[in-house]
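Okay, here's what each chain looks like letter by letter:
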Amino acid sequence: MVHGTHNAIADDRNKDIEIYINGEYFKREDAKISVFDSGYLVGDGIWEALRLHQGVLVFLEDHLDRLWTSAATVGMTLSFSKTELTAIVRDVLKINKMTDHVHVRIMITRGIKKTPSQDPRLTISGPNIVIIPEFKIASEESKEQGITLFTSTIRRGSPDYLDPRLNCHSKLHEVQALIQAIEAGADEALMLDVNGFVSTCNATNFFIIKNHEVWTSTGQYCMNGITRAKVIEACRINGITCHQKNFSLFDVYGADEAFVTGTFGGLTPVNKIDGRKIGEQSYGDFTRKLSALYHDLIEEAVAYGK
């Protein structure tokens, strides 16, 4: 069984989900898009992932802001508003009779090209919108067990050629990093920035705990994760010292605890990095406390309906 931050409890209802493609709905096995789609041809697309808790799309405005920023960054003109996209997502959930414990993936590509090419001027229709909703609950067994990381030789890039904060379809370098980690016997990859400081993981943001302080990277060379931001906010609200700073593997190997964050898994503890044991427990007490504080923010968002 694959072990990592995206482990989910199996749910047979996902076999019958209706997937949204450009205004139409398709069964899982029939959900297809053209081989001339920009995303398929050259990775020219952006995406966002949401969680539905008790009927509420949690931190929706943060996710939409990031999606629109991504579109502006890649020069993609969206033919709909945030309100219209939200209405589409709610229709998708309604058609699938989904009210809780749902993960929604929104993918937007520049559109269909008339011939295989990078040139956006050859796009003849679009943008293309695909929305995949799934019943997904993170495996508590995996969370209690924690994950292991391996430091990849592949660096998170400089923002002058592909800004790491961009939530785009071009994820090959992260995939390569993950493959290195898997081949080394780890669950996921830890990635350094161009200066050799710790940046992020291949699909999640990385934190350590040292002497009752929370450390994470500066954010210059990692995806601007919503969950990452909420953990930083939870620390601020509760008087916990949290540093966004440069630090190296020297600091990581001597950390008291480590964890990663993501929209699906929330906070997932890390118990081993590059073969070195981190902390005394698979799921450290401080990490568990921060996870509870993060869930408090979710409950608050549900209570206010946003």
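A quick note: this is a predicted structure, and the numbers were derived from the prediction, not measured.

## Let's talk about the overall build of the protein
Across its full length, the protein holds eight helices and 17 strands. Its C-alpha atoms give the protein a radius of gyration of 19 Å, near enough to 19 Å, the size a compact globule of 306 residues would have. Taken over the C-alpha atoms alone, the protein extends approximately 55 × 40 × 35 Å along its principal axes. The buried share of the protein, taken over its 306 residues, is 52%. In the protein, the proportion of contacts linking residues at least 24 apart, taken out of those at least 6 apart, comes to 71%. Carbon and sulfur atoms form 52% of the exposed surface of the protein, whose accessible area is close to 14,600 Å². Between the averaged position of the 33 positive side-chain charges in the protein and that of its 39 negative side-chain charges there is a distance of 3 Å.

## Quick notes on the side chain of N14
Note that N14 resides in the segment before β1 (18-21). One polar contact links the side chain of N14 to the main-chain amide nitrogen of F135, over a distance of 2.7 Å. Those residues in contact with N14, other than ones at most four positions away along the chain, are R28, E134 and F135.

## Remarks on the nonpolar core
Of all hydrophobic cores here, the largest spans 32 residues; its most connected members are V89, L93, V104, I108 and I131. Contributing elements (two or more residues each) for this core: β1, β3 (45-53), α2 (60-73), α3 (82-95), β5 (102-109) and β8 (128-135). Ignoring anything within four residues of it in the chain, the contact list for I108 reads G45, I46, L67, M76, L78, F80, P127, N128, I129 and H169. Within the second largest apolar cluster, 22 residues are counted, among which are V56, F59, A234 and F259.

## Some points on the packing of aromatic side chains
Counted by the stated rule, this structure contains five aromatic pairs. An angle of 85° between the planes, with centres 5.9 Å apart, marks the rings of W68 and F80 as edge-to-face. On the criterion of sequence distance, the pair formed by W68 in helix α2 and F80 in the loop between α2 and α3 is long-range, its members being 12 residues apart. Using a relative accessible area of 21% as the deciding quantity, one classes W68 as partly exposed. Taking the ring centre of W215 as reference, the NZ or CZ of K245 above it sits at 3.7 Å. Geometry around Y283 places R288 over its ring, the cationic atom sitting 3.9 Å from the centre.

## Some thoughts on the pattern of salt bridges
Under the counting rule described, the total for this entry stands at 14 salt bridges. A salt bridge links K230 to D62, with the shortest nitrogen-to-oxygen separation between them at 3.3 Å. Of the two residues, K230 is situated in helix α6 (residues 226-237) and D62 in helix α2; the sequence distance between them amounts to 168 residues. Residue D62 is classed as partly exposed on the basis of its relative accessible area, which comes to 32%. In this structure, E233 and K230 form a salt bridge, with 3.5 Å as the shortest nitrogen-oxygen distance. Within this pair, E233 and its partner K230 are both found in helix α6, separated by three residues, close to a single helical turn.

## What about the sheet that holds strand β4 (residues 56-57)?
Here six strands make up an open sheet; going across it, the order is β2-β1-β8-β5-β3-β4 and the pairing antiparallel. Only two strands of the sheet have a single neighbouring strand rather than two, namely β2 (24-27) and β4. The sheet contact formed by β5 and β8 spans eight bridges and is antiparallel. Paired with I108 across the two strands is I129, which belongs to β8. Strands in contact with α2 are β3, β4 and β5; relative to β3, the strand with the most contacts, it is inclined by about 175°.

Quick notes on the rules
- Residues numbered from 1 in each chain as written.
- Predicted model: local features only at pLDDT ≥ 70, side-chain atom pairs only at ≥ 80, totals over all residues.
- Heavy atoms only, no water.
- Helix = DSSP H or I, 4+ residues; strand = E, 2+ residues; numbered from the N terminus.
- Rg over C-alpha atoms; globule rule 2.2 N^0.38 Å.
- Buried < 20%, exposed > 50% of the residue type's maximum accessible area, 1.4 Å probe, protein only.
- Contact = heavy atoms within 4.5 Å.
- Areas by Shrake-Rupley, 256 points an atom, 1.4 Å probe, with all protein chains shown as cover.
- Lys, Arg positive; Asp, Glu negative; His and termini not counted.
- Charge placed at Lys NZ, Arg CZ, Asp CG, Glu CD.
- Polar contact = N/O pair within 3.5 Å; in protein donor to acceptor, adjacent residues only side chain to side chain.
- Core = buried A, V, L, I, M, F, W, Y, C linked by side-chain atoms within 4.5 Å.
- Phe/Tyr/Trp six-rings, centres within 6.5 Å; stacked < 30°, edge-to-face > 60°.
- Lys NZ or Arg CZ within 6 Å of the ring centre and 35° of its normal.
- Salt bridge = Lys/Arg side-chain N within 4 Å of Asp/Glu carboxyl O.
- Pairing = 2+ DSSP bridges.
- Axes fitted to C-alpha atoms, helices over the stretch in contact; angles between N-to-C directions.

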